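# Examining the three-dimensional arrangement
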Amino acid sequence: MSLLPARADWRAVRRDPRRDLLAGLTVAIVALPLALGFGVSSGLGAEAGLATAVVAGVLAAVFGGSNLQVSGPTGAMTVVLVPIVAEYGPGGVLMVGLLAGLMLVALAAARAGSWMRYVPAPVVEGFTLGIACVIALQQVPNALGVETPEGERVLVVAWRAVTDFAAEPNWTATGLAVAVAAIMLIGARWRPGIPFSIVAVIAATVVARVAHLDGATPIGDLPSGLPAPSLGFLDLGSLGILLAPAVAVAALAALESLLSASVADGMTVGQKHDPDRELFGQGLANIAAPMFGGVPATGAIARTAVNVRSGAGSRLAALTHAAILAAIVFAAAPLVSKIPLAALAGVLLATAIRMVEVGSLRAMAKATRSDALILVLTAVTTLVLDLVYAVIIGLLAAGALALRAVAKQARLDHVALDQGDHSDEEHALLAEHIVAYRIDGPLFFAAAHRFLLELAEVADVRVVILRMSRVSTIDATGALVLKDTVEKLQRRGILVLASGIRADQRQPLDSIGALALLQHEGRDHPTTPEAITAARHHLEHTGLLPAPTDEERAR
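Each residue is numbered by its place in its chain's sequence as written, counting from 1. For a predicted model such as this one, the threshold for reporting local features is a pLDDT of at least 70, and the threshold for listing and counting side-chain atom pairs is 80 or more; totals across whole chains, interfaces and linings nevertheless cover every residue. Side-chain figures throughout are based on the complete set of non-hydrogen atoms in the structure, without hydrogens or water.

### Notes on the overall build of the chain
Filter applied, for reference: For helices the rule is a DSSP run of H or I covering at least 4 residues; for strands it is a run of E covering at least 2, with both sets numbered from the N terminus onward. Only protein chains enter the area calculation, which uses a 1.4 Å probe; residues under 20% of their type maximum are buried, those over 50% are exposed, and those in between are partly exposed. Throughout, a contact is declared for two residues whenever any of their heavy atoms are within 4.5 Å. Here, Shrake-Rupley sampling with a 1.4 Å probe gives the accessible areas, and only protein chains in the shown set may cover a residue.
Helix and strand content of the chain: 24 helices and eight strands. Along the longest, intermediate and shortest principal axes, the C-alpha atoms of the chain span 115 × 60 × 55 Å. Among the 555 residues that make up the chain, the fraction classed as buried is 52%. In the chain, the share of contacts with a sequence separation of at least 24, taken over all contacts with a separation of at least 6, comes to 82%. Only carbon and sulfur atoms are counted for the fraction: they give 61% of the accessible area of the chain, which is about 25400 Å².

Below is the structure:
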């Protein structure tokens, strides 16, 4: 499948363009304060957020894999960018964005989009909760009206901001931030269709200007238009040290964009995104955004959800959103520059609160102890370390717990011998010298030792029959432990027979040498009755069972 746009992508545009245009207008109104706020929070300024929303919004809409995705600066990305700005400066952030874009294009070419399905829900929920906490903490300095303290750890910065506020309170900034957040949260419950974020920001700006409120620091001057494309930030000598941050940004952009596209699919009927094309579109967006002074971008879950709820049905809505933001940049930059920083902090505080789905968290926590542990671990790691480490640690924990659960399903059951045509006396003799075990479930590294080493301790029998038809999978470790067990039993004079080995199990057994050991002298049998017959012949040969008479053989 091609990664480039196709004619079919634009057929939906002709269905109801008026509805898409209105949806794009609604999203633009919601996106404006968010773009400004995330630009400020990133450390590159409000103009960087606007440039990202316009450039990335257009390219991701044209080349992305979702008809409904809206892209731009996001809180999650801001969380990653703050320490990069502190360590490498604005030029380093732009370089990181470009490198991340190239990596996303490479992931798209490698068809890596489908990997998203392997991220467990508790990791995603914990990740989202952690991001919400970090975004809220990042707003503390602006919400309190103090200078942002030095430091990379958001908890430390927030605490220093609180102590600075205690020494010299700025109740104006705090009041504006709380008022904006309250209007957004209460308004969203009262009239969900009204974009209260822009209403609250306009109201806060008017009040601050008319009342000449001290402490309501504005955004500051914004350029009237997008800067000309430039590659002046390129520094090939810094590629080595910026590679690790770029991997973190690319990983986050891929994760958040694919998650957002999946959310959009779930909110609609008949929409399905192409994950590889989505990575490709986000890659192009992140390659281009730094050239215009923009920060790295991703698909934005909140704006995408607004787009869907507003009735969008095609890519025209996302393009309209970007066009309206571009018009604001060119025509209304002086007005936008008057918005108080505290008002934007209030917008992001409300956004962080609305990111937390209490019902979803409660359900996930009640599902299993493992799910609750993964959720909490991912959230805490997001808050204490960073987002990429959080996802990696969450995935590792989820994988380890899943392996533990799968390993517990593996069982070794002592089963009764089939009666067959044997008399009660013969069956008693057989049961005295033959024991049969059925292996259920996976025979792999996490489970093999637990029951096969137990099997090796079996005593007071001459033949062990392993019924393997219910083994769901077997790996090299399982095959090796099986081989060791067979060898230990044989050294004790116990014959080991196997039955029901499937074709897909023979390769790992053969590679380790276990299959040759079982096939020696006909010890590998298709069915359990044939294995019992072979065991009976062995016992007759050793004199433990009476040999059948000629008459019995004739029968």
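Now, onward.
### As for the packing of helix α7 (residues 171–190) against helix α8 (residues 196–210)
Rules: Angles run from 0 to 180 degrees between N-to-C directions of axes, and those axes are lines fitted to C-alpha atoms, restricted for helices to the stretch in contact. Reported orientations rely on four angle classes, namely roughly parallel under 35 degrees, roughly antiparallel over 145, roughly perpendicular from 65 to 115, and oblique for the rest. Crossing handedness is defined as follows: a turn of the near helix away from the far one that is anticlockwise and smaller than a right angle gives a left-handed crossing, while the clockwise case is right-handed. Residues were grouped as follows: Ala, Val, Leu, Ile, Met, Phe, Trp, Tyr, Cys and Pro as nonpolar; Asp, Glu, Lys and Arg as charged; and all remaining residues, including Gly, as polar.
At a closest axis distance of 9 Å, the pairing of α7 and α8 adopts a crossing angle of 150°. Classified by the interaxial angle, the pair formed by α7 and α8 is roughly antiparallel. Relative to α8, the crossing made by α7 is right-handed. Residues Leu176, Val180, Ile183, Met184, Gly187, Ala188 and Trp190 of α7 pack against Phe196, Ser197, Ala200 and Ala204 of α8. The residue makeup of the contact of α7 with α8, split by class, is nine nonpolar, two polar and no charged.

### Quick look at the packing of aromatic side chains
Where two aromatic rings form a pair, the distance of their centres and the angle of their planes describe that pair. Definition in use: Any two of the Phe, Tyr and Trp rings considered here, Trp counted by its six-membered ring, make a pair once their centres fall within 6.5 Å; the pair's planes then place it as stacked at under 30 degrees, edge-to-face at over 60, or tilted in between.
The final tally for this structure, using the stated rule, is three aromatic pairs. Plain terms: the ring middles of phenylalanine 165 and tryptophan 171 are 5.1 Å apart, the flat faces sit at 85° to each other, and that makes the pair edge-to-face. Residue tryptophan 171 is classed as exposed on the basis of its relative accessible area of 60%. Between tryptophan 190 and phenylalanine 196, the aromatic rings sit 6.3 Å apart at their centres with planes inclined by 45°, giving tilted as the arrangement.

### Some remarks on the side chain of threonine 378
For threonine 378, the location among the structural elements is in helix α16 (residues 369–384). Ignoring anything within four residues of it in the chain, the contact list for threonine 378 reads Val123, Gly126, Phe127, Ala390 and Gly394.

### What about the side chain of serine 66?
This is how the line gets drawn: Any pair of nitrogen or oxygen atoms within 3.5 Å is treated as a polar contact; in protein, a donor-acceptor pairing is required on top of that, and neighbouring residues in sequence qualify only through side-chain atoms on both sides.
Within the secondary structure, serine 66 is located in the loop between α2 (46–63) and β1 (71–72). Within the structure, serine 66 has its side chain in polar contact with the backbone nitrogen of leucine 68 (distance 3.1 Å). If sequence neighbours within four positions are ignored, serine 66 has contacts with Ala261, His273, Glu278 and Arg315.

### Comments concerning the pattern of salt bridges
Selection criterion: In the sections that follow, a salt bridge refers to a side-chain nitrogen of Lys or Arg positioned within 4 Å of a carboxyl oxygen of Asp or Glu.
In this structure the tally under the stated criterion is six salt bridges. The partner of arginine 438 in a salt bridge is aspartate 440, with the nearest N and O atoms 3.5 Å apart. Two residues, arginine 536 and glutamate 540, come together in a salt bridge whose shortest N-O distance is 2.0 Å. Within this pair, arginine 536 and its partner glutamate 540 are both found in helix α23 (residues 528–541), separated by four residues, close to a single helical turn. Exposure remark for arginine 536: the relative accessible area of 14% places this residue in the buried category. Among the residues examined, glutamate 540 registers a relative accessible area of 15% and is labelled buried. Residues participating in the shared-partner salt-bridge network are Arg438, Asp440 and Arg470.

### A word on the confidence of the model for the chain
Stated formally: Note on scores: pLDDT gives the predictor's confidence for each residue, bounded by 0 and 100.
Confidence along the chain averages 83 in pLDDT terms, with 91% of residues attaining 70 or more. Within the chain, helix α10 (residues 275–288) carries the highest mean pLDDT (95), whereas helix α24 (residues 550–554) carries the lowest (51).

### Thoughts on the pairing of strand β5 (residues 463–467)
Quick note on the threshold: For two strands to count as paired, DSSP must find a minimum of two bridges between them.
Among the five residues in β5, five count as buried, and that is most of the element. Of the two faces of β5, both are covered, the one formed by Val463, Ile465 and Arg467 as well as the one formed by Val464 and Leu466. Examined bridge by bridge, β5 and strand β7 (residues 495–499) share five bridges and lie parallel to one another. Within β7, the position partnered with valine 463 by the bridge is leucine 495.

### Observations regarding the nonpolar core
For clarity, the threshold we go by: In this description, a nonpolar core means a group of buried Ala, Val, Leu, Ile, Met, Phe, Trp, Tyr and Cys residues linked to one another through side-chain atoms lying within 4.5 Å.
In this structure, Leu36, Ile219, Leu222, Val249 and Ile339 are the most contacted members of the largest nonpolar core, which totals 92 residues. Per element, the largest residue contribution to this core is 16 residues, and it comes from helix α3 (residues 75–109). With residues up to four places along the chain from it excluded, the contact list for leucine 36 reads Ala46, Leu50, Ile219, Leu222, Val336, Ile339 and Leu344. If you look at the next biggest cluster of nonpolar residues, it comprises 26 residues, including Ile439, Val461, Val471 and Ala479.

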